[in-house]
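Analysis of the macromolecular model
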Amino acid sequence: MRLERERAAICATGRAMAASGLVTGAAGNVSVRVGDLVAVTPGGVMLDRMEPADCPVVDLAGTVVEGERKPSSETPMHLAVYASSDAAAIVHTHSTYGTVVASTMDELPPIHYNTLLLGGTIRVAEYATYGTPELAANVRAALEGGRRAALMANHGGVALGYSLDEAYENARLLEWLCGVYVRAKAIGEPRVLTEEQLAAVVERFGA
């Protein structure tokens, strides 16, 4: 079976996503790229009930090269991101706080310095119907400039990584940042870190 290890890892990540509340039911999707092949979650399957053989393998044009199930409807978005980034894995979530922010704001401002771990201010990609080339283009634009995560208007979030573990952790961090913002907003107006404050953190990271 091609990409057997990666397909098994996708299943493990799907179970972790469901357990942590990053997705519900068959929502959300995961992919891993190895060279010119991409293993991806199948469409319409509960992420916590997948088996490795359920996960199809496609080429970079989206053609299925192995697997009986149809790829996730968001496969065009995954492939568009791979074409324009150095990511080796992508995690797409429908998490609660991420979707709240994605449904109300144009960006998630940096109220915590860990925003820098995702490349800076989190952009919200313009709304487009799921699974369309328009959505793929919008997400790719929101990730420009080395961003490792973005939100999708009225939809959810997407996170990239050099590995599947990193992509999953970036998705968790994105949801945490959104949760902090939403809860802070319930108390008052969140303080946003300035460019100077963020620059000082970048300097500290490099120390």
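Residues numbered from 1 in each chain as written. Predicted model: local features only at pLDDT ≥ 70, side-chain atom pairs only at ≥ 80, totals over all residues. Heavy atoms only, no water.

**Some points on the environment of Gly-156**
For Gly-156, the position within the fold is in strand β9 (residues 156-161). In this structure, the C-alpha to C-alpha distance between Gly-156 and Leu-79, residues 77 residues apart in sequence, is 18 Å. Sequence-distant contacts of Gly-156, defined by excluding residues within four places in its chain, comprise Thr-93, His-94, Thr-99, Ala-102 and Leu-151. (Helix = DSSP H or I, 4+ residues; strand = E, 2+ residues; numbered from the N terminus. Contact = heavy atoms within 4.5 Å.)

**As for helix α5 (residues 164-187)**
Along an α-helix, a turn takes 3.6 residues, which lines up residues three or four apart on a common side. Its 24 residues give α5 an end-to-end C-alpha distance of 35 Å, which sits within 8% of 34 Å, the value for a rise of 1.5 Å per residue. Leu-164, Ala-167, Tyr-168, Asn-170, Ala-171, Leu-173, Leu-174, Glu-175, Leu-177, Cys-178, Gly-179 and Tyr-181 are the residues of α5 that are buried. (Expected span 1.5 Å × (residues − 1). Buried < 20%, exposed > 50% of the residue type's maximum accessible area, 1.4 Å probe, protein only.)

**Topic: the UniProt feature "domain: Class II aldolase/adducin N-terminal" (unreviewed entry) in the protein chain**
Feature annotation in UniProt assigns "domain: Class II aldolase/adducin N-terminal" (unreviewed entry) to the following positions: residues 8-182. Helix makes up 34% of residues 8-182 and strand 21%, whereas the separation of the span's terminal C-alpha atoms amounts to 34 Å. (UniProt positions renumbered as here; feature names shortened; annotations may be inferred.)

**Section: the pattern of salt bridges**
Taken as a whole and judged by the stated rule, the model has eight salt bridges. Salt-bridge contacts for Asp-86 lead to Arg-148; the nearest nitrogen and oxygen are separated by 3.1 Å. Of the two residues, Asp-86 sits in the loop between α2 (75-84) and β5 (89-93) while Arg-148 sits in the loop between α4 (133-142) and β8 (149-152), which places them 62 residues apart along the sequence. For Asp-86, a relative accessible area of 46% corresponds to the partly exposed category. (Salt bridge = Lys/Arg side-chain N within 4 Å of Asp/Glu carboxyl O.)

**Section: the environment of Ala-27**
Inspection of the secondary structure puts Ala-27 in the loop between α1 (4-20) and β1 (29-34). Judged by relative accessible area, Ala-27 falls into the buried class, the value being 18%. Sequence separation of Ala-27 and Thr-93 is 66 residues, and the distance between their C-alpha atoms is 7.4 Å.

**So, the packing of aromatic side chains**
The final tally for this structure, using the stated rule, is zero aromatic pairs. Above the plane of the ring of Tyr-162 lies Arg-148, whose end atom (NZ or CZ) is 4.5 Å from the centre. (Phe/Tyr/Trp six-rings, centres within 6.5 Å; stacked < 30°, edge-to-face > 60°. Lys NZ or Arg CZ within 6 Å of the ring centre and 35° of its normal.)

**A closer look at the nonpolar core**
Membership of the largest hydrophobic core comes to 37 residues, with the highest contact counts inside it found for Ile-10, Met-17 and Leu-151. Counting only elements with at least two residues in this core, the list comes to α1, β1, β5, α3 (96-102), β7 (122-125), β8 and α5. If you tally residues by element for this core, the top one is α5, at nine residues. The contacts of Ile-10, once residues within four sequence positions are left out, are Val-30, Ser-31, Val-32, Ala-39, Val-40, Thr-41, Met-50, Cys-55 and Leu-164. Judged by nonpolar contacts, the second largest core, of 20 residues, contains Met-77, Ala-142, Ala-150 and Met-152. (Core = buried A, V, L, I, M, F, W, Y, C linked by side-chain atoms within 4.5 Å.)

**Here's the deal with the sheet that holds β7**
Ordered in space as β4-β3-β2-β1-β5-β9-β8-β7-β6, the nine strands form an open sheet in which the pairing is mixed. The strands lining the two open edges of the sheet, one partner per strand, are β4 (64-66) and β6 (107-108). Looking at chain direction, β5 and β9 are connected through five bridges and run antiparallel. When the bridges of β9 are listed, His-92 appears paired with Val-158. Helix-sheet contacts for α4 involve β7, β8 and β9, and the interaxial angle to β7 is about 165°. (Pairing = 2+ DSSP bridges. Axes fitted to C-alpha atoms, helices over the stretch in contact; angles between N-to-C directions.)

**Considering the packing of α2 against α4**
Relative orientation of the contacting elements α2 and α4 amounts to 40°, with a least axis distance of 8 Å. In this structure, the crossing between α2 and α4 has a hand that is right-handed. Only Ala-136, Val-139 and Arg-140 of α4 make contact with α2, whose side of the interface consists of Pro-76, Met-77, Ala-80, Val-81 and Ser-84. Its residues placed into classes, the contact of α2 with α4 shows six nonpolar, one polar and one charged. (Left-handed = near helix turned anticlockwise from the far one by under 90°. Nonpolar A, V, L, I, M, F, W, Y, C, P; charged D, E, K, R; others polar.)

**A closer look at unusual backbone geometry**
A positive phi angle is found at Leu-3, which is not glycine, with a value near 50°. Structurally, the position occupied by Leu-3 is in the segment before α1. The phi dihedral of Asn-154 is positive, around 55°, even though this residue is not glycine. With respect to the element layout, Asn-154 can be found in the loop between β8 and β9. When its relative accessible area of 48% is taken as the criterion, Asn-154 is described as partly exposed.

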